[in-house]
Amino acid sequence: MSPDSYLVGLVGSGIGPSLSPSLHEREADRQGLRYLYRLIDIEALGVPPEKTGELVRAAGDLGYDGLNITHPCKQQVLAHLDELSPQAAALGAVNTVVFRRGRAIGHNTDVTGFAASFARGLPEAPLDRVLQIGAGGAGTAVAHALLTLGAGCLTLVDAEPARAVALADSLNRHFGAGRAVAAGVPALAAELARADGLVHATPVGMAAHPGLPLPADLLHPRLWVAEVVYRPLETELVRTARVLGCATLDGGGMAVFQAAEAFRLFTGREPDTAHMLADIADLTATH
């Protein structure tokens, strides 16, 4: 392919509603690029996650310039890459693969995506004590971003307590002892009462999983509240927190900034994030 022509894709399960193709292709159109973004849905193909490596190798052989990787393939792909960026290695998860000169290089743009969105949307937010709900794939990336941004103490709560403990242990090894702790769901009220901010990183609030991830009466106006879910942009959590007077951050910024970084890695060109933020507002309103 010519330098102005790109073939990329997304590997994951149940990805039919993904906005990634539209986000990438709209930005490519603005830059005058030929850019085809394909969905490689392992559910539709009847392929188990364990075969992710074979799909990645096949894409490289077929001339793809890169792939985005999403649930449940972000860990499965690790063993099948030639190189990992320091960020991807630290997280143990890859969401972007770039093919260069026969080599497959794994990156993770979720961390920088959340960090950029947070810095833009909540620039003055205090970070001494932060409570995060969710310690899965998205939660791991967000936790790394928060500690990189300077969070003093990050308390992790997850429906699977062992997952919160494992993530806290990993974060403390990477960032230093005492930076992260795990707490049980019964401790939510006490932890939120003394927290500066709340970050939500579970699927609750998505169109398919409506509702709140915690009792509404635990929120208070001194909190800032950051959301990872971006469909809808205004989740019940964001709406409830805003009505209470909390500073809020929706999940659209993370989606845009991680996509922008992937676009940069695929093309070597600088994306226009302001236009991409307008795109996601438009796309979430019309899809």
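Everything here concerns the structure above.
Residues numbered from 1 in each chain as written. Predicted model: local features only at pLDDT ≥ 70, side-chain atom pairs only at ≥ 80, totals over all residues. Heavy atoms only, no water.

A.B. asks: What is the right way to look at the side chain of Asp279 in this model?
C.D. replies: When you line up the elements, Asp279 lands in helix α11 (residues 273-286). Discounting chain neighbours no more than four positions away, the residues touching Asp279 are Leu23, Arg26 and Arg30. (Helix = DSSP H or I, 4+ residues; strand = E, 2+ residues; numbered from the N terminus. Contact = heavy atoms within 4.5 Å.)

A.B. asks: I keep staring at unusual backbone geometry and nothing clicks. Help me out?
C.D. replies: Trans peptide bonds make up most of the peptide bonds, and negative phi angles are found at most residues other than glycine. The amide bond that connects His71 to the next residue, Pro72, takes the cis arrangement and shows omega of 5 degrees. Structurally, the position occupied by Pro72 is in the loop between β3 (66-69) and β4 (83-84). In this model, Arg231 is joined to Pro232 through a cis peptide bond whose omega is 10 degrees. Among the structural elements, Pro232 can be located in the loop between β11 (224-227) and α9 (236-244).

A.B. asks: Looking at this structure, how should I read the nonpolar core?
C.D. replies: Soluble globular proteins tend to pack their nonpolar side chains together in the buried interior. Of all hydrophobic cores here, the largest spans 32 residues; its most connected members are Phe114, Leu146 and Trp224. Of all elements in the fold, only α5 (110-121), α6 (137-149), β8 (153-157), α7 (161-175) and β11 reach the threshold of two or more residues within this core. Considering every element that reaches this core, the biggest residue donor is α6, with six residues. In this structure, Phe114 is in contact with Val142, Ala145, Leu146, Val199, Ala226 and Met254, ignoring residues within four places of it in sequence. Of all hydrophobic cores here, the second largest spans 18 residues; its members include Leu55, Leu67, Val77 and Ala104. (Core = buried A, V, L, I, M, F, W, Y, C linked by side-chain atoms within 4.5 Å. Buried < 20%, exposed > 50% of the residue type's maximum accessible area, 1.4 Å probe, protein only.)

A.B. asks: Teacher, can you tell me more about the sheet that holds β4 here?
C.D. replies: Hydrogen bonds between backbone atoms are what pair the strands of a sheet, whose relative direction is either parallel or antiparallel. One open sheet holds the six strands; their spatial order is β2-β1-β3-β5-β6-β4, and the pairing between them is mixed. Of all the strands in the sheet, just β2 (34-41) and β4 have a single pairing partner and so form its edges. When strand β5 (residues 96-100) meets strand β6 (residues 103-107), the two strands line up antiparallel, connected through five bridges. When the sheet's bridge partners are listed, Val98 is paired in β6 with Ile105. Along the sheet, helix α1 (residues 20-30) contacts β2 and β3; its crossing angle with β2, the most-contacted strand, is approximately 170 degrees. Along the sheet face, helix α3 (residues 52-61) touches β1 (5-12), β2, β3 and β5 and points at about 40 degrees away from the line of β5. (Pairing = 2+ DSSP bridges. Axes fitted to C-alpha atoms, helices over the stretch in contact; angles between N-to-C directions.)

A.B. asks: It is not clear to me how α1 should be interpreted in this structure. Could you clarify?
C.D. replies: One turn of an α-helix holds 3.6 residues; hence residues three or four places apart share an orientation. Buried within α1 are the following residues: Ser20, Pro21, Leu23, His24, Glu27 and Ala28. Here the buried face of α1 lies against β2, β3, α10 (252-267) and α11. In the segment just after α1, Gly32 is the residue with positive phi, at about 70 degrees.

A.B. asks: Sorry, what's going on with the pairing of β3 here?
C.D. replies: A two-sided burial pattern is seen for β3, the buried positions comprising Gly66 and Asn68 on one face and Leu67 and Ile69 on the other. Note: β1 against β3, four bridges, orientation parallel. Residue pairing for β3: Gly9 is matched across the bridge by Leu67. In this sheet, β5 lies alongside β3 in antiparallel orientation, the contact comprising three bridges. Paired with Asn68 across the bridge in β5 is Thr96.

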